[in-house]
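A structural walkthrough
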Amino acid sequence: MVVANAPDTRAKIIRLFTFLGGIYFFSYFVLPESVVESIGIKERHEQISNGFIVVGAMALGLGLFNIIRAHGTKVVFQRSGWRNSLALLVGLFGTIGIMSAQWIGALQVSRDVQDVQMIGEYASKLMAEKITQGAPISMLQGYSKEQLDRASSLIKVRPESQLTSAQRLLEQDLSRKISDLRADGLLTRVDIDEQALAGFAQRAHEVASSYSVFRQSLSSGTTVQRLYDFLYDGLFNQLGSAMFALLGVYIAAAAYRAFRVRTIESALMMSAAVIVMLGQISFGKEIYEGMPSLRQWLLEVPNSAAFRAIRLGAGIAGLMLAIRMWLSIESKSFSSEKK
Amino acid sequence: MGGLEHATPGILIVLLGACYLLYRELRRVGAGYHHYIRRIAGVDAIEGSVGRCAEQGKSVFFTTALTDVGPVLFACLGVLHSIAKRVAQYKLKLQVPQYSPEAMALVEDTVREAYRDAGRANAFDPESIRFLSSEQFAFASGYMGLMHREKAGAAFLFGVFAAEALVLAEAGQQVGARQVAASVSPEQVAFFICTCEYTLIGEELFGASAYMSREPVQVATLAAQDRFKLFFILLIVVGVAMATLQPWVPDIAPYMPHRLMTRDWSSLSW
């Protein structure tokens, strides 16, 4: 085979890892499922695949570095358009800061909610295993008291005057549910029957659910969350939608240029487009009864045939190139031969 | 075949056949066999477009858009290498806006090497490979802005595209850039035909690099893929003939190509 010479060790290592990675995925694909299961790869495949994703995720830093280098240089040397670059960098770091703060806050809320959820889950587990006395019950009682005390103190973090009417209602409901759970004999009794444990588990789940709603409602009013909503929902999503909306205008402009009947090909293209558009609307049926069927035929027969041909050709070409990449059979232009 | 987790014996045979075809063509080309490559007007236009930029003193744009690291990107890099080399020879400015950070590292390496091959390694400007965003429409708006500011003379749109295809191509059209597009996404081909001077469809993208560089390994790959495609066309013809004959010869049903290809390992008797 024509394999380009690899003069340096780095290139050899890259080729070795490419080959090993390729042979793993190739073997996983070509070996029968029973063989893959018997040698124990099946259960580890997801972890291995995730490992490759993690390696890819490291490249994200490259993008960030590129932006900082390109725009940072402009700002430092005050080159033309440096103010725009400064705005970009301020926006970038501001967004990173706000997104990180929001993420840390959401993580804390999720952890607190999980702690409370554990009460119900633990009680349900004991119920399922029919454990109604002994050390597991004492542990459940101790853990429940600790978490309910913590939850009670956390929901009082903000003064009532700062809560909205909806939040106040949520807080009252949650406080009542926590009190009910505390009042449950289970937290102090030694001998518990299964029915009492089932009732406790259900009430604990209700407390966890209300607690989750209340905490999320509280965090939605924070400055960080408001800034996040403004940046993500207010700016980012809206600007993305605006760009997408531009497509409508561009389609009309491009269609005008392409559908001017100057050649047989453009005449064919325009006729097909007119039939498809008329077949899509009810007015098309008024012109000719069979217009929707004609549209359907155009889309399903000639159009699908062309699509399949393109996909088949590209798929085969991609397969050949993939084999070449796997075996590192590269032409001189991509080898590491330095001049 | 979508969602197939493990190959059937039929698929394994086809894959091994593909490997053999590639090996055979590499051997033939290595031994000096010359393959004829048909002219593609779109590929010829690439060279013409770069030349036009040299006359006008305008910059050249090349984007791989949403293409991630994979065979399509490597096919695009072959074309980028040829374009970057000419850009370096003509002392033009090249802009390669980036969507994927992983792809960016490979793109930068390719352009750097092209400049080195052209004997102008010092002229390579790392800032010409600019990461815009990993968000589809943020990338599209960044590309539009860059195109309008630079007023490019030529733009090459190669790779995988989605809804942003028309936005990118229209931006080039608005500044009067001569555009050549190549996409493996059939849904976007129609948009490119409407907005670009030349459009390479599907596998032509993979052939473009071999056509431009005439490098033996790339030409051998092109020859192997053509032969492999011929095999598939024969398979389709045989399948159609067998499906047509099936009402009269019902016994041929188990031997239809699609049945043979999808037959599981468990159906084999050793």
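First, a word on scope: everything that follows refers to the structure included in this document. Here the structure is a predicted model, which means the values were calculated and not measured.

Right, let's talk about unusual backbone geometry for a bit. Residue and element names in this part refer to chain B. Residue Lys-151 is not a glycine yet carries a positive backbone phi of 50°. With a phi close to 55°, Arg-214 is a non-glycine residue in the positive phi region. Relative to the helices and strands, Arg-214 resides in the loop between helix H8 (204-213) and helix H9 (216-245).

Counting residues in each nonpolar core, the largest one holds 56 residues, and the members touching the most others are Ile-46, Phe-62, Ile-83, Val-111, Phe-156 and Phe-158 of chain B. The leading source of residues in this core is helix H3 (residues 71-89) of chain B, at twelve residues. If you look at the next biggest cluster of nonpolar residues, it comprises 32 residues, including Ala-254 and Ala-258 of chain A together with Leu-157 and Val-167 of chain B.

Here the focus is the packing of helix H1 (residues 9-30) of chain A against helix H1 (residues 9-30) of chain B. Packing of H1 of chain A against H1 of chain B leaves a shortest axis separation of 10 Å and a crossing angle of 145°. Within the contact between the two elements, H1 of chain A uses Phe-26, Phe-29 and Val-30 of chain A and H1 of chain B uses Ile-11, Leu-12 and Leu-15 of chain B. Residue classes in the contact of H1 of chain A with H1 of chain B are distributed as six nonpolar, no polar and no charged.

Turning next to empty space enclosed by the protein. In this approach the atoms are scanned with a rolling probe the size of a water molecule, which exposes any empty space left behind. According to the stated counting rule, one finds one cavity of 30 Å³ or more in the structure shown. The computed volume of the largest cavity comes to approximately 110 Å³. Lining the largest cavity are Ala-317, Leu-321 and Arg-324 of chain A together with Phe-74, Ala-75, Phe-206, Ser-209, Ala-210, Gln-218, Thr-221, Leu-222 and Gln-225 of chain B. The set of elements that each furnish at least two residues to the lining of the largest cavity consists of helix H12 (291-326) of chain A together with H3, H8 and H9 of chain B. Here the residues of the lining of the largest cavity are counted per class, giving seven nonpolar, four polar and one charged.

Residues and elements named next belong to chain B. Overall, parallel pairing links the six strands, which are arranged S3-S2-S1-S4-S5-S6 in an open sheet. Edge positions in the sheet fall to strand S3 (129-131) and strand S6 (198-201), since each of these pairs with one other strand and no more. The sheet shows a mean angle of 15° between the axes of neighbouring strands, taken without regard to direction. Strand direction decides the pairing type here: strand S4 (residues 154-160) and strand S5 (residues 178-183), joined by six bridges, are parallel. Bridging across to S5, Phe-156 finds its partner in Val-180. Here helix H6 (residues 165-174) sits on the sheet and contacts strand S1 (60-65), S4 and S5; the angle it forms with S5, its principal contact strand, is near 165°.

Rules behind the numbers
- Residue numbers run consecutively from 1 along every chain, following the written order of its sequence.
- In the order they appear in the text, chains get letters beginning with A and ligands get numbers beginning with 1.
- Under the rules for a predicted model, residues below a pLDDT of 70 receive no local features and side-chain atom pairs below 80 are neither given nor counted, while totals for whole chains, interfaces and linings still include all residues.
- The side-chain numbers reported here are obtained from all heavy atoms of the structure, hydrogens and water having been left aside.
- Strands are runs of DSSP state E lasting at least two residues, helices are runs of H or I lasting at least four, and both sets are numbered from the N terminus onward.
- Nine residue types can take part in a nonpolar core, namely buried Ala, Val, Leu, Ile, Met, Phe, Trp, Tyr and Cys, and a core is a set of them joined through side-chain atoms within 4.5 Å.
- Exposed residues in this analysis have more than 50% of their type's maximum accessible area, buried residues have under 20%, and partly exposed residues fall in between, with area computed by a 1.4 Å probe over protein chains only.
- In this analysis, axes come from line fits to C-alpha atoms, helices being fitted only over the stretch in contact, and the angle between any two N-to-C directions falls in the range 0 to 180 degrees.
- Contacts were defined at the residue level, with two residues in contact if any of their heavy atoms lie within 4.5 Å.
- Each residue is assigned to one of three groups, with Ala, Val, Leu, Ile, Met, Phe, Trp, Tyr, Cys and Pro labelled nonpolar, Asp, Glu, Lys and Arg labelled charged, and all others, Gly among them, labelled polar.
- Any residue with an atom within 4 Å of a point lines the site, the site being either a cavity, points on a 1 Å grid over the protein atoms alone where a 1.4 Å probe fits but cannot get out, or a pocket, an open set with protein on both sides within 12 Å along at least 5 of 7 lines.
- Grid points are joined across faces, edges and corners, and a volume is the space filled by probe spheres set on the points.
- Two strands pair under a simple rule: DSSP has to find at least two bridges between them.

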